[in-house]
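Chain residues, written in single-letter form:
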Amino acid sequence: MKIGLGLYREQLTPDNYRFALQSGATHVVAHLTNYFAGKDPKIDSGDNGGWGDCSTDRLWTYEELSALVQDVRSAGLELAAIENFSPRFWHDILLDGPERGAQIEALKQLIRDAGRAGVPCIGYNFSLAGVYGWTRGPYARGGAESVGFGVEDAPGAVPDPDAPIPDGMVWNMRYRRGVPGAKPISVTHAEIWDRLSRFLKEVVPVAEEAGVMLGAHPDDPPADVLRGTARLVNRPEKYDRLMSIIDSPSNGLELCLGSLQEMPGGDIYEHVRRFARSGRIGYIHFRNVRGKMPRYVETFVDEGDIDMAEIVRILRDENYQGVMIPDHTPAMTCAASWHAGKAFALGYMRALVQNAHALGPSRSLVHDMAAE
Ligand SMILES: O=C(O)[C@@H](O)[C@@H](O)[C@H](O)[C@H](O)CO
């Protein structure tokens, strides 16, 4: 097990690489799409413009990707993954629009370039509404500010989960100017599974040849429908359906523990063991929550509903050698709220991983034995 730190586009700096190294991380997961900007990002659903405007984003080149890998390496770290395509690159793959064919070919080239540059994994979230519906509030220990969904007395504006997605937006970002009077975006479950299936069948073989794993992030919130659009991976077993679309080591998971725990029903420990045993985990979002759909809040890693020590026992037992990152964490009340939240999480993760051998037998392993 390796520990990494996710850094948003404007945080990909030597100072933050040093911060990661000092916090015990050995890897970086880089976001190249510029949502959550600034030195101390406060993540939420955004206002009407969602996570911002990506209409001028242009495809990342081999030279950019190679420079990123080298910059991270020269800081004494390794790049574990790039997280998320810009909606500008694949909006018509998600929407089944007129540019779909050209965008598929462009993503194939991006994946080839990423492999050649030494990028081992690209995380993606195949969703039309994207991550939407959060509020920010004092939801974590000591009133630390974090994100939540369905919180009745949330401070400030509560995004409407049924608000139509306006034309020109997808994945909670604006990729082009909207056409006045155009119909809002919609998609059925059958349509979005078909779009995902065609996407994977076309790009996974290219990813496999390039030595890149594509890691699917689950839906957050794991609603059945959000903003009039059907959602995909909103139950753990939907991950199994996604992996069955094409049996390839490059058809993998960006395993977000928080999103998995937010899903109704199921035993997260059995699912994590099954996914770890499959060898198809690209990397893990090692984050904790309290509650499930339709109401949950993000907590500090050590105070949520997931027994994170049990997760590490399972990953130990299944010999998981991949990377885990805190993803997003509560913001601590101090001058460097983002960094403090990350340092706390990384310290906790490092202690669990360094002492994994001393954590005793896994509880769910005992369950497996009982089943024999
Ligand atoms: O499910 C979650 O909440 C997170 O894993 C995502 O919000 C993720 O951090 C963003 O989509 C950026 O990749």
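Cut-offs used in this document
- Residues numbered from 1 in each chain as written.
- Predicted model: local features only at pLDDT ≥ 70, side-chain atom pairs only at ≥ 80, totals over all residues.
- Heavy atoms only, no water.
- Axes fitted to C-alpha atoms, helices over the stretch in contact; angles between N-to-C directions.
- Helix = DSSP H or I, 4+ residues; strand = E, 2+ residues; numbered from the N terminus.
- Parallel < 35°, antiparallel > 145°, perpendicular 65-115°, else oblique.
- Left-handed = near helix turned anticlockwise from the far one by under 90°.
- Contact = heavy atoms within 4.5 Å.
- Nonpolar A, V, L, I, M, F, W, Y, C, P; charged D, E, K, R; others polar.
- Phe/Tyr/Trp six-rings, centres within 6.5 Å; stacked < 30°, edge-to-face > 60°.
- Buried < 20%, exposed > 50% of the residue type's maximum accessible area, 1.4 Å probe, protein only.
- Near = heavy atom within 4 Å.
- Polar contact = N/O pair within 3.5 Å; in protein donor to acceptor, adjacent residues only side chain to side chain.
- Pairing = 2+ DSSP bridges.
- Lys, Arg positive; Asp, Glu negative; His and termini not counted.
- Salt bridge = Lys/Arg side-chain N within 4 Å of Asp/Glu carboxyl O.

Caption draft 1: Local environment of the packing of helix H6 (residues 236–245) against helix H8 (residues 268–278). Where H6 meets H8, the axes come as close as 10 Å, and the angle between the chain directions of the two elements is 20°. The orientation of H6 relative to H8 falls into the category roughly parallel. In terms of crossing hand, the pair formed by H6 and H8 is left-handed. Taken together, the residues of H8 that come into contact with H6 (itself represented by Pro236, Glu237, Tyr239, Asp240 and Met243) are His271, Arg274, Phe275 and Ser278. Among the residues forming the contact of H6 with H8, the class breakdown is four nonpolar, two polar and three charged.

Caption draft 2: Inspection of the packing of aromatic side chains at higher detail. In this structure the tally under the stated criterion is 19 aromatic pairs. Taking the centre distance of 6.3 Å and the plane angle of 90° together, the rings of tryptophan 90 and tyrosine 124 count as edge-to-face. Within this pair, whereas tryptophan 90 is found in helix H3 (residues 87–94), its partner tyrosine 124 is found in strand E4 (residues 121–124), the two being separated by 34 residues in sequence. Just as tryptophan 90 is buried, tyrosine 124 falls in that class too. Among the aromatic residues, ring-to-ring pairing joins Tyr8, Tyr35, Phe36, Trp51, Trp134 and Trp171 into one connected group.

Caption draft 3: Local environment of the site of the ligand. The environment of the ligand is made up of 15 residues, and the closest members are Glu83, Asn84, His217, Asp220 and Asp327. Separating an oxygen atom of the ligand from a side-chain N or O atom of glutamate 83 is a distance of 2.5 Å. Between the ligand and asparagine 84, the relevant distance is 2.5 Å, taken from an oxygen atom to a side-chain nitrogen or oxygen of the residue. For the shell around the ligand, the per-class residue count stands at five nonpolar, six polar and four charged.

Caption draft 4: Just the sheet that holds strand E13 (residues 281–285), in detail. Pairing is parallel in the closed barrel, where eight strands are placed in the order E1-E2-E3-E4-E9-E12-E13-E16. Averaged over all neighbouring strand pairs, the angle between strand axes comes to 30°, with direction disregarded. Pairing geometry for strand E1 (residues 2–7) and strand E16 (residues 323–325), over two bridges, is parallel. Counterpart to isoleucine 3 in the pairing with E16 is methionine 324.

Caption draft 5: Up close: unusual backbone geometry. With an omega of -5°, the peptide bond between aspartate 220 and proline 221 qualifies as cis. Of note in this structure, phenylalanine 36 is not a glycine but carries a positive phi near 50°. In this fold, phenylalanine 36 is placed in the loop between strand E2 (27–30) and helix H2 (62–74). Looking at phenylalanine 36, the relative accessible area reads 12%, which means it is buried. In this structure, asparagine 319 takes a positive phi of about 55° despite not being glycine. Its location among the elements puts asparagine 319 in the loop between helix H9 (308–317) and E16.

Caption draft 6: Here's a closer look at the side chain of arginine 227. In this fold, arginine 227 is placed in the loop between strand E10 (225–226) and strand E11 (229–230). One buried charge, arginine 227, has no salt-bridge partner; the nearest side chain with opposite charge is aspartate 160, at 7.8 Å. Excluding residues that lie within four positions of it along the chain, arginine 227 makes contacts with Ala129, Tyr132, Pro161, Asp162, Ala163, Pro164, Ile165, Pro166, Asn172 and Ile185.

Caption draft 7: Representation of the pairing of strand E14 (residues 288–292). One ladder, built from five bridges, connects E14 with strand E15 (residues 295–299); its direction is antiparallel. Looking at the pairing, arginine 290 lines up with valine 297 of E15.

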